[in-house]
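Chain residues, written in single-letter form:
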Amino acid sequence: MIPATQSATQKAHIRPVHPFPARMAPSIVWDALPESGDTLTILDPMSGSGTTPVLARSKGHHAIGCDTDPLALLIARTWCNNVKPDRLFLRAKAVLARAMELREKTPSEKSYPKNADDETRRFMDFWFDPRNRRELNALAICISWVRSQTERTLLWCAFSRMIITKTAGVSLAMDVSHSRPHKVYDAAPVRPFDAFLKAVSKVVNNCPFSTDTHNTPAADIRHGDARTLPLDSNSVDRIITSPPYLNAIDYLRGHKLSLVWMGHNISELRALRSGNIGTERSTNIASEKAVREAMKSMGDLTVLDKRQSGIVRRYVNDMEKVMKECARVLKPGGEAVFVVGDSSIRGVFVQNSKALIRLAHSQGMSLVSRNTRPIEIKRRYLPAPEYEKSGCSLRTRMREEVILRFRIHKTGAQ
Ligand SMILES: C[S@@+](CC[C@H](N)C(=O)[O-])C[C@H]1O[C@@H](n2cnc3c(N)ncnc32)[C@H](O)[C@@H]1O
């Protein structure tokens, strides 16, 4: 736990409560946040694991995070909540004890969430061995019985942490945390009942806010689509966000392994995935002028085939909607910081950052600064084949992220 009295630099060193691909570097967020003074409203419209809201809250600001991925929301809520460690450990032990009893009464063929349809059950059979399925099912039921929402959220986060791992977890897969799960085990290397309390302890120890020491405004983590934000116009002082990169990460591919235990069916997650920004889905819809110009600025896209350029078009269309919403919710004079990486599609360098500059401009936002910084090796989650295909100089550029800072020019009435 980070006591409320620690220095600003130390506070930027937050520790994640759960793995998340392409997390934003905390130092970028820290530098983009105004020093304490007035309490400002800080928004991340695609908040993922919650780096922006956590740091905004720790600087005393009112933080809002939106995302469409239920697991991202769960992680961000856990990270931003006030926790009471002693109470949580007691609760976790009680949940485990009840789950052990319940497992004895529930045979393997009944160890699925109540509403799981056939496709979801097959998915669970594929990724989990029968013994772990029984243990996970019993734990999931007992967690869902916990009455306090804050405690339940944290226990779900710990539950998920056992599944979303790089190597040894409770599923039969590796690389789940990079959202590239592949089946490698016949029997899972870790048993949920053995790992649960350790997972709770890791989550609790990495939660920076405790009920006793923090009276800063609570963060508001909401389900919301960045293309149609559930927020009033002129209500946000600063936006700090890192949108999904074009064709880089399919977040739900890994997250599905946890979300099925929380009552989500595969068909529902498939629909959610295909609607998300940055997924490899194409569009033929004619684009507005701003989108066409943004696409032109991205590089030589003429070499892409129809499907590939459709993917780029869809991404830019989506990002145009995001920019429009950001411009709408920002207060006059407000600022938006976008952290974005460039992409490679079939060896073609696609400059997402240039498109964002064009789109921001078309929404009345001017570029205040543009900086680049290397992406730390442990934070690089680009798809391996694309990465390998790209040439040497291209690989270098793709190891950088671009930090764009915009200011909105509008009057209060807009
Ligand atoms: C690069 S990640 C954000 C990482 C985050 N900054 C962090 O530090 O954890 C991009 C996020 O955008 C979310 N996303 C994708 N489409 C979205 C949409 N239409 N509305 C809101 N969020 C969306 C994804 O679920 C993902 O969590």
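For clarity, every value in this text was computed on a predicted model and none was experimentally measured. (Residues numbered from 1 in each chain as written. Predicted model: local features only at pLDDT ≥ 70, side-chain atom pairs only at ≥ 80, totals over all residues. Heavy atoms only, no water.)

Asks: Explain the overall build of the protein to me, and be specific about the residues and the numbers.
Replies: The helix and strand tally for the protein stands at 16 helices and 11 strands. For the protein, the proportion of its 414 residues judged to be buried stands at 57%. Sequence separation of 24 or more characterises 77% of the internal contacts of the protein that already satisfy a separation of 6 or more. For the protein, the exposed area adds up to about 17,700 Å²; of that, 50% sits on carbon and sulfur atoms. (Helix = DSSP H or I, 4+ residues; strand = E, 2+ residues; numbered from the N terminus. Buried < 20%, exposed > 50% of the residue type's maximum accessible area, 1.4 Å probe, protein only. Contact = heavy atoms within 4.5 Å. Areas by Shrake-Rupley, 256 points an atom, 1.4 Å probe, with all protein chains shown as cover.)

Asks: With reference to specific residues and values, describe the pattern of salt bridges.
Replies: A full pass over the atoms with the stated rule returns 21 salt bridges. Here Arg 131 makes a salt bridge to Glu 135, at a shortest N to O gap of 3.4 Å. Taken as a pair, Arg 131 and Glu 135 lie in helix α7 (residues 130-144) at a separation of four residues, close to a single helical turn. Relative accessible area serves as the criterion here: at 46%, Arg 131 is assigned to the partly exposed category. By relative accessible area, which is 2% here, Glu 135 ends up buried. Here Arg 222 makes a salt bridge to Asp 220, at a shortest N to O gap of 2.8 Å. (Salt bridge = Lys/Arg side-chain N within 4 Å of Asp/Glu carboxyl O.)

Asks: Just give me the short version of the site of the ligand, but keep the residues and values in it.
Replies: In the region of the ligand, 25 residues are neighbours, and Met 24, Ser 49, Thr 51, Asp 67 and Ala 226 sit closest. Ser 242 places a side-chain nitrogen or oxygen 3.0 Å from a nitrogen atom of the ligand. Expressed as a share of its isolated accessible area of 600 Å², the protein-covered part of the ligand is 99%. Split by residue class, the shell around the ligand holds 10 nonpolar, nine polar and six charged. (Near = heavy atom within 4 Å. Polar contact = N/O pair within 3.5 Å; in protein donor to acceptor, adjacent residues only side chain to side chain. Nonpolar A, V, L, I, M, F, W, Y, C, P; charged D, E, K, R; others polar.)

Asks: Lay out the pairing of strand β11 (residues 400-408) in plain terms, naming residues and giving numbers.
Replies: The pairing of strand β7 (residues 330-341) with β11 spans seven bridges and is classified as antiparallel. By the bridge assignment, Ala 336 is partnered in β11 with Phe 406. Here strand β10 (residues 365-374) pairs with β11 via nine bridges, running antiparallel. Bridge pairing in β11 places Met 365 opposite Ile 408. (Pairing = 2+ DSSP bridges.)

Asks: So what's going on with the state of the cysteines? Residues and values would help.
Replies: What the rule picks out here adds up to zero disulfides. With no disulfide partner, Cys 157 has as its closest neighbouring cysteine sulfur the one in Cys 207, 7.3 Å distant. (Disulfide = S-S within 2.5 Å.)

Asks: Kindly report on unusual backbone geometry, identifying the contributing residues and their values.
Replies: Its identity as a non-glycine residue notwithstanding, Ala 22 has a phi of 60 degrees, on the positive side. Following the sequence through the fold, Ala 22 ends up in the loop between α1 (8-11) and α2 (26-32). Residue classification places Ala 22 among the partly exposed positions, given a relative accessible area of 24%. The phi dihedral of Asp 175 is positive, around 65 degrees, even though this residue is not glycine. Judged by relative accessible area, Asp 175 falls into the buried class, the value being 11%.

Asks: Summarise helix α10 (residues 251-259); cite the residues concerned and give the values.
Replies: Within α10, seven of the nine residues are buried, which leaves the element mostly enclosed by the surrounding structure. Of all the residues in α10, the buried ones are Tyr 251, Leu 252, Gly 254, His 255, Leu 257, Ser 258 and Leu 259.

Asks: An account of the side chain of Arg 191 is needed here, citing residue identities and associated values.
Replies: Note on placement: Arg 191 falls in the loop between β4 (182-183) and α9 (192-206). When residues no more than four places from it in sequence are discounted, the contact partners of Arg 191 are Asp 129, Arg 131, Asn 132, Glu 135 and Val 170.

Asks: Now, about the pairing of strand β1 (residues 41-44): what can you tell me, with residues and values included?
Replies: Side-chain direction in a regular strand flips from residue to residue, so the side chains alternate between the two faces of the sheet. In β1, alternate side chains face the same way, and those of Thr 41 and Leu 43 on one face and Ile 42 and Asp 44 on the other are all buried. Of the pairings in the sheet, the one linking β1 to strand β2 (residues 62-67) comprises four bridges and is parallel in character. Bridging from a neighbouring strand, Asp 44 pairs with Gly 65 of β2.

Asks: Outline the environment of Lys 84, supporting the account with residue identities and numerical values.
Replies: Along the chain, Lys 84 falls in the loop between α4 (70-80) and α5 (85-105). Accessibility expressed as a relative area gives 40% for Lys 84, which makes it partly exposed. A C-alpha to C-alpha distance of 9.9 Å links Lys 84 and Thr 150, two positions 66 residues apart in sequence.

Asks: If you had to explain the sheet that holds β1 to someone new, which residues and values would you point to?
Replies: Pairing is mixed in the open sheet, where seven strands are placed in the order β5-β2-β1-β6-β7-β11-β10. The open sheet has two free edges, formed respectively by β5 (220-223) and β10, since each of these has just one partner strand. Across the sheet, the mean angle from the axis of one strand to that of its neighbour is 15 degrees, orientation sign disregarded. Each of β2 and β5 is contacted by α4, which is oriented at about 170 degrees to β5, the strand it contacts most. Running over the sheet, helix α13 (residues 306-329) touches β1, β6 (236-241), β7, β10 and β11 and is turned about 150 degrees from β7. (Axes fitted to C-alpha atoms, helices over the stretch in contact; angles between N-to-C directions.)

Asks: So what's going on with the packing of helix α6 (residues 118-127) against helix α11 (residues 266-275)? Residues and values would help.
Replies: Running from amino to carboxyl end, α6 crosses α11 at an angle of 90 degrees, the nearest separation of the two axes being 8 Å. Between α6 and α11, the interaxial angle falls into the category roughly perpendicular. Residue-level inspection shows Glu 119, Thr 120 and Phe 123 of α6 in contact with α11, the latter providing Ile 266, Ser 267 and Arg 270. In the contact of α6 with α11, the residues fall into two nonpolar, two polar and two charged. (Parallel < 35°, antiparallel > 145°, perpendicular 65-115°, else oblique.)

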